[in-house]
Amino acid sequence: MESIGGLGAHVAGQILAEAGVLRMGFNGANFSSYGSEKKGSPIKAYVRFCAADQEVRTSSPVDRPHVVAVFHEGLLKTEPVLSGLLPAGVVIVNSAHTADHVWQSLGRPFATVGVVNALAIAVGERSRVNTVMLGAVVRATRFIKPEAVRDVIRATLGERYPQLLASNLRAFDRGYRDLLLEDFSSAAESVPQSYVRPAPPFGYLDAPLGGAVLDPGNTVLKDLSVSRNGFLPAFHRGKCVDCALCDLVCPDFCFVWAVGPKPDGSEAIHLKGIDYRFCKGCMKCIDACPTLALTREREEEGYAEQHSVPLFPRLEASRNGAAVRH
Ligand code: SF4
Ligand code: SF4
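Remember, predicted model here, so these are calculated numbers, not experimental data.

1. Some details on the site of ligand 2
Okay, step 1: Around ligand 2 sit 15 residues, and of these Cys 240, Cys 243, Ala 244, Cys 246 and Cys 289 come closest.
Okay, step 2: The cavity that encloses ligand 2 is the second largest cavity.
Okay, step 3: Broken down by class, the residue content of the shell around ligand 2 amounts to 13 nonpolar, 1 polar and 1 charged.

See below:
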């Protein structure tokens, strides 16, 4: 399961493993691999199953998966989600697009592609993306019984959060039922996936002398848009009084300001808008704004690109290939 922190892939992996091992008698294992354990950063949750008479003899990451579930479509741009996918494996993507569109954007893999609009279902059922994706994964595996997973969800949520149980069971069922699977493994243009073991850029034999860091972290070049979970702050200039409370609470300095004229002819600083490249959708600015000039909206495709105000215009110019003077 390829996900970002906050979408619940780790819990989904645990529930799936528990259903297979404790309710159905398979041997199995699961664990998750986090980066900085921060909301919005990429995480991977791995689940392995073997028949009851076969031991699971490895606890390393799954590098040749049969099923890959992508909890956030933005990860298709930033993570090698198909690396090692077995021939005719299954890729499930949380997406509002068609399976054909997703297949094309994945590079036309030799695979079955499944799409499920997990975010829309989760919002509609007042649940979370992970439960919907869990339903889709169970359907794709074909050997895990949905009832076994429902039992684990009941046991997990029923005790701790009984008020959330019904909505999560509905979300699970919708993920199972609404998954649209399309087999592209026989399409003439399908491309087999090769497996590339992730490797560090250098090792002890070819590290730069003196331990020099040649590619330091850079907050200007970061792109946090993949961390948004389907919602973003929309800015309404007509209601803004330029009080800057939003900028005070924003952890990622997304707000863009400029000097402009006041009615009396003098000059003042005005809020121009938001650079959505740096916005992770935490919504702190919405709570801070006293005039409703910022509202929480579902992120429609293309909205961020159309409404973003660049914080670093020269960076945008260089990304677009224009000549840049430093
Ligand atoms: S939601 Fe608001 S506070 Fe949060 S990162 Fe985006 S602009 Fe900043
Ligand atoms: S908090 Fe609201 S009113 Fe104040 S500058 Fe930000 S958007 Fe404008």
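And the narrative resumes.
2. Considering the pairing of strand β6 (residues 111-116)
Okay, step 1: Taking burial as the measure, the 6 residues of β6 include 6 buried ones, the bulk of the element.
Okay, step 2: Relative to β6, strand β5 (residues 89-94) runs parallel, the two sharing 6 bridges. Looking at the pairing, Val 91 lines up with Val 113 of β6.
Okay, step 3: In the sheet, β6 pairs with strand β7 (residues 180-183) via 4 bridges, with the strands oriented antiparallel. The residue bridging Gly 114 from the neighbouring strand is Leu 181, located in β7.

3. As for the domain arrangement of the protein
Okay, step 1: Domain annotation for the protein reports domain 1 (2-183) and domain 2 (225-318).
Okay, step 2: Spacing between the C-alpha centres of domain 1 and domain 2 amounts to 34 Å.
Okay, step 3: Across the contact, 11 residues belong to domain 1 and 8 residues belong to domain 2.
Okay, step 4: Counting the surface lost from both domain 1 and domain 2, the interface buries some 820 Å², and carbon and sulfur atoms represent 56% of this.
Okay, step 5: On the surface where domain 1 and domain 2 come into contact, there are 0 salt bridges.
Okay, step 6: Summed over the shared surface of domain 1 and domain 2, the number is 2 residue pairs in polar contact (both at pLDDT 80 or more).
Okay, step 7: Considering each element in turn, the side of domain 1 that touches domain 2 owes the most residues, 3 residues, to helix α4 (residues 118-125).
Okay, step 8: Grouping the amino acids of the side of domain 1 that touches domain 2 by side-chain chemistry returns 7 nonpolar, 4 polar and no charged.

4. With respect to the site of ligand 1
Okay, step 1: Lining the immediate surroundings of ligand 1 are Pro 233, Cys 250, Pro 251, Cys 254, Phe 255, Cys 279, Lys 280, Gly 281, Cys 282, Met 283 and Cys 285.
Okay, step 2: Classifying every residue of the shell around ligand 1 gives 9 nonpolar, 1 polar and 1 charged.

5. Describing the nonpolar core
Okay, step 1: Formed by 56 residues in total, the largest nonpolar core has its most connected members in Phe 71, Val 91, Ile 92, Val 116, Val 149 and Ile 153.
Okay, step 2: If you tally residues by element for this core, the top one is helix α5 (residues 129-141), at 8 residues.
Okay, step 3: Non-local contacts of Phe 71, meaning those with residues more than four positions away in its chain, are made with Met 1, Glu 2, Ser 3, Leu 7, Gly 8, Ala 9, Ala 12, Asn 94, Val 129, Asn 130 and Met 133.
Okay, step 4: Of all hydrophobic cores here, the second largest spans 20 residues; its members include Leu 232, Tyr 276, Phe 278 and Ala 293.

6. Points about the pattern of salt bridges
Okay, step 1: Going through the model one piece at a time under the given rule, you end up with 13 salt bridges.
Okay, step 2: The closest approach of N and O atoms between Arg 150 and Asp 173, which form a salt bridge, is 2.9 Å. Here Asp 173 lies in helix α7 (residues 165-178) and Arg 150 lies in helix α6 (residues 146-160), a separation of 23 residues in the sequence.
Okay, step 3: Under the relative-accessibility criterion, Arg 150 is labelled buried at 18%.

7. Describing the packing of α6 against α7
Okay, step 1: Contact geometry for α6 and α7: axes closest at 10 Å, N-to-C directions at 155°. What the angle tells us is that α6 and α7 run roughly antiparallel. Along this stretch, α6 crosses α7, giving a crossing that reads as right-handed. Here Pro 146, Val 149, Arg 150, Ile 153, Arg 154, Leu 157 and Gly 158 of α6 come into contact with α7, specifically with Leu 165, Asn 168, Leu 169, Phe 172, Asp 173 and Tyr 176.
Okay, step 2: Of the residues in the contact of α6 with α7, the class split is 8 nonpolar, 2 polar and 3 charged.

8. As for unusual backbone geometry
Okay, step 1: Residue Met 283 is not a glycine yet carries a positive backbone phi of 70°.
Okay, step 2: Within the secondary structure, Met 283 sits in the loop between β10 (267-274) and α9 (284-288).

Cut-offs and rules
- Residues numbered from 1 in each chain as written.
- Chains lettered and ligands numbered in written order.
- Predicted model: local features only at pLDDT ≥ 70, side-chain atom pairs only at ≥ 80, totals over all residues.
- Heavy atoms only, no water.
- Near = heavy atom within 4 Å.
- 1 Å grid on protein atoms, 1.4 Å probe; cavity = no way out; pocket = protein on both sides within 12 Å on 5 of 7 lines; lining within 4 Å.
- Sits in = over half its atoms within 2 Å of the grid points.
- Nonpolar A, V, L, I, M, F, W, Y, C, P; charged D, E, K, R; others polar.
- Buried < 20%, exposed > 50% of the residue type's maximum accessible area, 1.4 Å probe, protein only.
- Helix = DSSP H or I, 4+ residues; strand = E, 2+ residues; numbered from the N terminus.
- Pairing = 2+ DSSP bridges.
- Domains from an automatic or database assignment.
- Contact = heavy atoms within 4.5 Å.
- Buried area = accessible area lost by both parts, 1.4 Å probe.
- Salt bridge = Lys/Arg side-chain N within 4 Å of Asp/Glu carboxyl O.
- Polar contact = N/O pair within 3.5 Å; in protein donor to acceptor, adjacent residues only side chain to side chain.
- Core = buried A, V, L, I, M, F, W, Y, C linked by side-chain atoms within 4.5 Å.
- Axes fitted to C-alpha atoms, helices over the stretch in contact; angles between N-to-C directions.
- Parallel < 35°, antiparallel > 145°, perpendicular 65-115°, else oblique.
- Left-handed = near helix turned anticlockwise from the far one by under 90°.

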